[in-house]
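Examining the three-dimensional arrangement
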Amino acid sequence: KQEVTQIPAALSVPEGENLVLNCSFTDSAIYNLQWFRQDPGKGLTSLLLIQSSQREQTSGRLNASLDKSSGRSTLYIAASQPGDSATYLCAVPLSYNTDKLIFGTGTRLQVFP
Amino acid sequence: DTEVTQTPKHLVMGMTNKKSLKCEQHMGHRAMYWYKQKAKKPPELMFVYSYEKLSINESVPSRFSPECPNSSLLNLHLHALQPEDSALYLCASSPRQGIGDTEAFFGQGTRLTVV
């Protein structure tokens, strides 16, 4: 059974810091991993999709890495801003034959001025 | 257009009411989903429609009834809900089901309160 966990559960940092969010999964046979952002009471915004054959994916100040063998992905946020404050979720498909996403427990990020 | 649009944004309903949530996408995606999210928890899958046919029902109570009238629309009909059904209901779509490289796009959700 695939389980996805995220550490830390919450993080509070001053503006300008570079930070790393962690996502761990128990079954390394994943096909992709997706990072989302969720503002309070809102929907999910897709940030990055990293395929199982890729090791990294970048979008602006965001960089996601994937190490299937160790069951880990990291989301690196450079030069954090107050507008980055949100909950960040990672998710993996349950299997190749379904699009059921298994979500991580989330990291709640606060960036203060 | 990479939007998934959900209406209404907020809904308050009594336990004897019947209401519907609506979801629309115009990205040509052929898979659409309903997720339920309780406070401070990750989303949980409820239903998947693939090519307008129900392909996954995660043992959801019958008081939730999904409908996919066409490839762009997904409805969730609600009847005789319980207060514990209060949650954020999220709709999502992806280009196709069953392919490991699909990216899921989510709507902004409907905040449902059952009184």
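Residues take numbers from 1 onward in each chain, read along the sequence in its written order. To label them, take the chains in the order written and letter them from A, then take the ligands in the order written and number them from 1. Residue-level local features of this predicted model are given only where pLDDT is at least 70; pairs of side-chain atoms are given and counted only at 80 or more, and the full residue set underlies all totals for whole chains, interfaces and linings. As a rule here, side-chain values come from all non-hydrogen atoms in the structure, and water together with hydrogens is ignored.

**Concerning the sheet that holds strand 1 (residues 4–7) of chain B**
Residue and element names in this part refer to chain B. Pairing between two strands is assigned when DSSP locates at least 2 bridges connecting them. Secondary structure is summarised from DSSP: a helix means a run of H or I of at least four residues, a strand means a run of E of at least two, and numbering begins at the N terminus for each. With antiparallel pairing, four strands are arranged side by side in an open sheet as 1-3-8-7. Looking at strand neighbours, the two that pair on one side only are strand 1 and strand 7 (64–70), the edges of this open sheet. On average, each strand axis in the sheet is tilted by 20° relative to the strand beside it, whichever way the strands run. Pairing geometry for strand 3 (residues 18–25) and strand 8 (residues 73–79), over seven bridges, is antiparallel. Bridging from a neighbouring strand, L21 pairs with L76 of strand 8. To obtain each axis, a line is fitted to C-alpha atoms, and for helices this fit is confined to the stretch in contact; angles are then taken between N-to-C directions over 0 to 180 degrees.

**What about the interface of chain B and chain A?**
Across the boundary between the two partners, chain B contributes 24 residues, which contact 21 residues of chain A. For the pair chain B and chain A, the two sides together bury roughly 1900 Å², of which 51% comes from carbon and sulfur. Salt bridge criterion: a side-chain nitrogen from Lys or Arg within 4 Å of a carboxyl oxygen from Asp or Glu. The interface formed by chain B and chain A holds one salt bridge in total. Between B:E58 and A:K100 there is a salt bridge whose closest N-O contact spans 2.6 Å. For the side of chain B that touches chain A, the secondary-structure elements that each account for two or more residues are strand 4 (31–37) and strand 9 (87–94) of chain B. Here a residue-residue contact requires only that any non-hydrogen atoms of the pair lie within 4.5 Å. By buried area we mean how much accessible surface two parts lose on assembly, using a 1.4 Å probe and totalling the loss over both.

**Focus on the state of the cysteines**
Here, a disulfide means two cysteine sulfur atoms that sit within 2.5 Å of each other. Throughout the structure, instances matching the rule amount to two disulfides over all chains. Each sulfur in the disulfide pair A:C23 and A:C90 lies 2.1 Å from the other. Between A:C23 and A:C90 the disulfide shows an S-S torsion of about 80°. By sign, it is right-handed. Here A:C90 lies in strand 9 (residues 86–93) and A:C23 lies in strand 3 (residues 19–25), a separation of 67 residues in the sequence. In this structure, A:C23 and A:C90 share a single accessibility class: buried. Between the sulfur atoms of B:C23 and its disulfide partner B:C91 the distance amounts to 1.9 Å. Judged by the torsion about the S-S bond (-70°), the B:C23/B:C91 disulfide is left-handed. Taken together, the positions of B:C23 in strand 3 and B:C91 in strand 9 put the pair 68 residues apart, joining distant regions of the chain. Relative accessibility thresholds used throughout: buried, under 20% of the residue-type maximum; exposed, over 50%; partly exposed, between the two (1.4 Å probe, protein chains only).

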